[in-house]
Amino acid sequence: KVLINGSYGYFGTGGYGFNDYEAAALVTAYGRKILNLMVSVVESCNGIPIEIDTDGIFFSHDDPKTVSALVADTLPEGISIELELKHYGLYAPKAKSYVLVSPDGQTSAKGLFRKRNRYRLENEFPTQFIKLYFTEGLAAAQAYYKQTRSMLASGDIPVEDLTITRKISTSEKNLVELGIGKPGDTVSY
């Protein structure tokens, strides 16, 4: 991965003495070809690809070690893979956005689950709901949803959990016109 990303970055950037846009395009073309090969092997083993990215493939299968070994055997010489995660829960509603839950309950969130300019509850609720679903089951996740909804309805959620604090960007002229502040000012709402 480091070699592919570094090569693409070097070849595809203007101003270098040895850049090569055609070579940069080939790096991504071969990367796609390798990923497609990996996906086809996973699917041929009745595995279910869940999230596919330049970092690898998240897939579901009862025997991930065997599938990983088959993928490794199919890849061209010099390209190796490793099976990093087993027995994890993964919720991936769209490409490059997911919550990964480890067997011990640790979570990792990417994409839309890590957006800035959201209030604390908006960032924490989906990840906690998904974590509960995978670690304690659907009933626990639904109970958390009901509790959160009840706290919102009764006003028992701390206002800090519903507040966004950020700087006004230079493109937000409407906020300046409304008298809220000027670019660079920190505002909370």
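Because the structure is a prediction, the values reported are computed rather than measured.

Engineer: Give a description of the pattern of salt bridges that names residues and reports values.
Structural biologist: By the definition in use, this model includes 5 salt bridges. A salt bridge links Lys 96 to Asp 53; the nearest nitrogen and oxygen atoms lie 3.6 Å apart. Of this pair, Lys 96 sits in the loop between strand S3 (89–94) and strand S4 (97–101) while Asp 53 sits in strand S1 (residues 48–53), placing them 43 residues apart in sequence. With a relative accessible area of 52%, Lys 96 lands in the exposed category. On the accessibility criterion, Asp 53 (17% relative accessible area) is buried. Note that Asp 161 is salt-bridged to Arg 120, the shortest N-O span being 2.7 Å.

Engineer: Let's hear about a nonpolar patch on the surface: which residues, and what values?
Structural biologist: Taken together, Tyr 91, Tyr 133, Phe 134 and Leu 138 make up a surface patch of nonpolar side chains, about 390 Å² in accessible area. Assignment of secondary structure puts Tyr 133 in helix H4 (residues 120–136). Judged by its relative accessible area of 41%, Tyr 133 is partly exposed.

Engineer: Please set out H4 residue by residue, giving values where relevant.
Structural biologist: Residues spaced three or four apart along an α-helix point in a common direction, a consequence of the helix completing one turn every 3.6 residues. Here H4 contains 17 residues, and its C-alpha end-to-end distance of 23 Å stays within 8% of the 24 Å for a straight helix at 1.5 Å per residue. Listed as buried for H4 are Leu 121, Phe 125, Thr 127, Ile 130 and Leu 132.

Engineer: Go over the packing of aromatic side chains, please, and point to the residues and values.
Structural biologist: The relation between two aromatic rings is expressed through the spacing of the ring centres and the mutual angle of the planes. Per the counting criterion, the structure on display carries 6 aromatic pairs. Seen from their ring centres, Phe 125 and Phe 129 are 5.9 Å apart, and the 35° between their planes marks the pair as tilted. Remark: Phe 129 and Phe 125 occur in helix H4; sequence separation between them is 4 residues, near one turn of the helix. Grouping aromatic residues by their ring pairs yields a cluster made of Phe 125, Phe 129, Tyr 144 and Tyr 145.

Engineer: Describe the nonpolar core, listing the residues and the values that go with them.
Structural biologist: Among the nonpolar cores identified, the biggest contains 11 residues, and these are Ile 34, Leu 35, Met 38, Val 39, Val 41, Val 42, Cys 45, Ile 57, Val 67, Val 71 and Leu 75. Only helix H2 (21–44) and helix H3 (64–74) provide two or more residues apiece to this core. If you tally residues by element for this core, the top one is H2, at 6 residues. Residues contacting Leu 75, with those up to four places away along its chain left out, are Ile 34, Leu 37, Met 38 and Ile 81. The next biggest cluster of nonpolar side chains, apart from the first, holds 6 residues, and it includes Leu 121, Ala 141, Tyr 144 and Ile 157.

Rules used in this analysis
- Residues numbered from 1 in each chain as written.
- Predicted model: local features only at pLDDT ≥ 70, side-chain atom pairs only at ≥ 80, totals over all residues.
- Heavy atoms only, no water.
- Salt bridge = Lys/Arg side-chain N within 4 Å of Asp/Glu carboxyl O.
- Helix = DSSP H or I, 4+ residues; strand = E, 2+ residues; numbered from the N terminus.
- Buried < 20%, exposed > 50% of the residue type's maximum accessible area, 1.4 Å probe, protein only.
- Patch = residues over 30% accessible without salt bridge, like charges linked within 9 Å, V, L, I, M, F, W, Y side chains within 5 Å.
- Areas by Shrake-Rupley, 256 points an atom, 1.4 Å probe, with all protein chains shown as cover.
- Expected span 1.5 Å × (residues − 1).
- Phe/Tyr/Trp six-rings, centres within 6.5 Å; stacked < 30°, edge-to-face > 60°.
- Core = buried A, V, L, I, M, F, W, Y, C linked by side-chain atoms within 4.5 Å.
- Contact = heavy atoms within 4.5 Å.

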